[in-house]
Amino acid sequence: MQNIRSFFVIATAIALLAAAALLTASLTIAFMGTLAILSIGKMLSSKLKPVPVRAKNKQSDMRIWNDGRGTIIDM
């Protein structure tokens, strides 16, 4: 009787460990799939965005001077 009870306890423990491993593996695969979909979506959306164009002045407003402690460049 003791052997049958210990067999069922061991079989239950093995089944619980297998279920936990299966749950962990399935959650890992689901998380990786979600991250892959999000990264592909971000990659595609960045290609669809227009690139901003910066307008520049013809004359340079940059001032450069030395105050004795170092060169200061004011843009």
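Just so you know, these numbers come straight off a predicted model, no measurement behind them.

Cut-offs and rules
- Residues numbered from 1 in each chain as written.
- Predicted model: local features only at pLDDT ≥ 70, side-chain atom pairs only at ≥ 80, totals over all residues.
- Heavy atoms only, no water.
- Helix = DSSP H or I, 4+ residues; strand = E, 2+ residues; numbered from the N terminus.
- Rg over C-alpha atoms; globule rule 2.2 N^0.38 Å.
- Buried < 20%, exposed > 50% of the residue type's maximum accessible area, 1.4 Å probe, protein only.
- Areas by Shrake-Rupley, 256 points an atom, 1.4 Å probe, with all protein chains shown as cover.
- Pairing = 2+ DSSP bridges.
- pLDDT = per-residue confidence, 0-100.
- Patch = residues over 30% accessible without salt bridge, like charges linked within 9 Å, V, L, I, M, F, W, Y side chains within 5 Å.
- Salt bridge = Lys/Arg side-chain N within 4 Å of Asp/Glu carboxyl O.

This part covers the overall build of the protein chain. A tally of regular secondary structure across the protein chain gives one helix and two strands. Listing every helix and strand of the protein chain by position from the N terminus yields α-β-β. Its C-alpha radius of gyration of 32 Å places the protein chain more than 25% over the 11 Å reference for a compact globule of 75 residues. Residue burial in the protein chain is summarised as follows: out of 75 residues, 0% are buried. Accessible area for the protein chain stands at about 7500 Å²; split by element, carbon and sulfur atoms hold 70% of it.

As judged from the four bridges shared by strand E1 (residues 63–66) and strand E2 (residues 71–74), these two strands associate in the antiparallel manner. Paired with Asn66 across the bridge in E2 is Thr71. Linkage of E1 to E2, two consecutive antiparallel strands, is achieved through a turn of four residues, within which Gly68 is found at a positive phi near 95°.

Per-chain confidence: the protein chain averages 86 in pLDDT, with 92% of residues scoring 70 or above. Helix H1 (residues 2–48) holds the highest mean pLDDT among the elements of the protein chain, 93, whereas E2 holds the lowest, 78.

Next up on the list: a nonpolar patch on the surface. Together, Ile4, Phe7 and Phe8 make up a nonpolar patch on the protein surface, roughly 340 Å² of accessible area in all. Following the sequence through the fold, Phe8 ends up in helix H1.

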